[in-house]
Amino acid sequence: MLPSFARLCLLPNLAVLEGSPPDLRIDLDLDHRFVPLDEIDVAIRYGRGPWKDGSATALFEERLFPVASPGIAAALGDCFSVDDLMALPLIHDAYPDAWRLWLAEHGCRYHLRPQDRCFPDYDLGLQAAAAGSGVALMREPYGASFLKCGSLARLAGHTVASPLHFWVVTGFGARRRGVQSFIARLLELPRSGRLTLPSMKDSA
């Protein structure tokens, strides 16, 4: 799985996923690559899916909208234009097409600029935005705790559905009982509101 998924979703819920009393032991392999499914029990992949090498189930849908630190949000106000937004650095994770998609819905063609910031993991971009380094795209509900605690503020503008999702992927064939239990508990996390860990402000 991606390191950001481990930090924002899996590790904060490890006790829930392993069971009470524990009946599973979850060992993590953090990697940006698609690891072959014959080497692992379960993969968490991010993309359009599904994939030819296994059976995939979407975990949750993502909704995109811009967020920034409370200071930047207050400076922009509620009636800012796309030009006002573009005057600021845009913060990306490893999937810059999200900004292209959101800006296209607002009539703007976008190409990466020198002032824009790119981070290898989604949660690092949110931390940078919370620190005032620019404007990021929230992939709600993933990372929504930054809004709940006030580290980030939602900016005006339409919400756009993301074509990318997190997927839980296994090899073809019957799933072992432990794998079935893990997947069932993982799918329950968004419904139970246990999707994101506290941001830095929550931990202070």
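None of these values were measured; they are calculated from a predicted model.

### Notes on the packing of aromatic side chains
If you walk through the whole model with that rule in mind, you get 10 aromatic pairs. Between Tyr142 and Phe166, the ring centres sit 4.9 Å apart and the planes meet at 70°, which makes this aromatic pair edge-to-face. Taken together, the residues Tyr142 in the loop between strand 6 (135-140) and helix 7 (145-148) and Phe166 in strand 9 (residues 165-170) connect sequence positions 24 residues apart. With relative accessibility at 0%, the residue Tyr142 sits in the buried group. Ring pairing ties together the aromatic residues Phe5, Tyr46, Phe60, Tyr122, Tyr142 and Phe166, which thus form one cluster. Note that Arg45 overlies the ring of Trp51, its terminal NZ or CZ placed 5.4 Å from the centroid. Geometry around Phe65 places Arg154 over its ring, the cationic atom sitting 3.8 Å from the centre.

### Overview of a nonpolar patch on the surface
A cluster of nonpolar side chains, namely Leu11, Leu28 and Leu30, defines an oily patch on the protein surface of about 250 Å² accessible area. As for its placement among the helices and strands, Leu11 is situated in the loop between helix 1 (3-10) and helix 2 (14-18). Judged by its relative accessible area of 46%, Leu11 is partly exposed.

### Describing the pattern of salt bridges
Using the criterion set out here, one finds 11 salt bridges in the structure. The salt bridge involving Asp23 is made with Arg185; its shortest N-O contact spans 2.9 Å. Separated by 162 residues along the polypeptide, Asp23 in the loop between helix 2 and strand 1 (43-47) and Arg185 in helix 8 (residues 177-192) bring together distant segments of the chain. In this structure, the salt-bridge partner of Arg100 is Asp97, at a minimum N-O distance of 2.3 Å. Taken together, the residues Arg100 and Asp97, both in helix 5 (residues 97-105) and three residues apart, mark about one turn of the helix. A cluster of three or more residues bridged by salt bridges with shared partners is formed by Arg7, Asp121 and Asp123.

### Focus on the pairing of strand 1
Consecutive residues of a regular strand have side chains that alternate between opposite faces of the sheet. Where burial is concerned, most of strand 1 is hidden: five out of the five residues are buried. Residue alternation in strand 1 divides its side chains into two sets, Ala43, Arg45 and Gly47 and Ile44 and Tyr46, and both sets are buried.

### Re the packing of helix 1 against helix 6 (residues 122-130)
Following both chains from N to C, one finds helix 1 and helix 6 inclined at 70°, their axes separated by 7 Å at the closest point. On the basis of the axis angle, helix 1 is roughly perpendicular to helix 6. Contact residues: Ser4, Arg7 and Leu8 in helix 1; Tyr122, Asp123 and Leu124 in helix 6.

### Quick word on the sheet that holds strand 1
Ordered by their spatial adjacency, three strands build an open sheet running 1-9-2, and the pairing between neighbours is antiparallel. Both outer strands of the open sheet, strand 1 and strand 2 (55-60), are each paired with one neighbouring strand and no more. Averaged over all adjacent pairs, the angle separating strand axes in this sheet is 35°, with direction ignored.

### Points about the pairing of strand 6
Counting buried positions along strand 6 gives five out of six residues, so the element sits mostly inside the fold. Summarising the sheet, strand 3 (residues 63-68) and strand 6 pair through five bridges and their orientation is antiparallel. What sits directly across from Phe65, in strand 6, is Met138. As paired strands, strand 4 (residues 90-92) and strand 6 are joined by two bridges and run parallel to one another. The residue bridging Ile91 from the neighbouring strand is Ala136, located in strand 6.

### Comments concerning the environment of Leu90
Among the structural elements, Leu90 can be located in strand 4. Considered as a pair, Leu90 and Leu124 are 34 residues apart in the sequence and their alpha carbons are 13 Å apart. Not counting chain neighbours up to four residues away, the residues in contact with Leu90 comprise Leu85, Trp99, Leu103, Tyr110, Arg113, Asp116, Arg117 and Val135.

Criteria and cut-off values
Residues numbered from 1 in each chain as written. Predicted model: local features only at pLDDT ≥ 70, side-chain atom pairs only at ≥ 80, totals over all residues. Heavy atoms only, no water. Phe/Tyr/Trp six-rings, centres within 6.5 Å; stacked < 30°, edge-to-face > 60°. Helix = DSSP H or I, 4+ residues; strand = E, 2+ residues; numbered from the N terminus. Buried < 20%, exposed > 50% of the residue type's maximum accessible area, 1.4 Å probe, protein only. Lys NZ or Arg CZ within 6 Å of the ring centre and 35° of its normal. Patch = residues over 30% accessible without salt bridge, like charges linked within 9 Å, V, L, I, M, F, W, Y side chains within 5 Å. Areas by Shrake-Rupley, 256 points an atom, 1.4 Å probe, with all protein chains shown as cover. Salt bridge = Lys/Arg side-chain N within 4 Å of Asp/Glu carboxyl O. Axes fitted to C-alpha atoms, helices over the stretch in contact; angles between N-to-C directions. Parallel < 35°, antiparallel > 145°, perpendicular 65-115°, else oblique. Contact = heavy atoms within 4.5 Å. Pairing = 2+ DSSP bridges.

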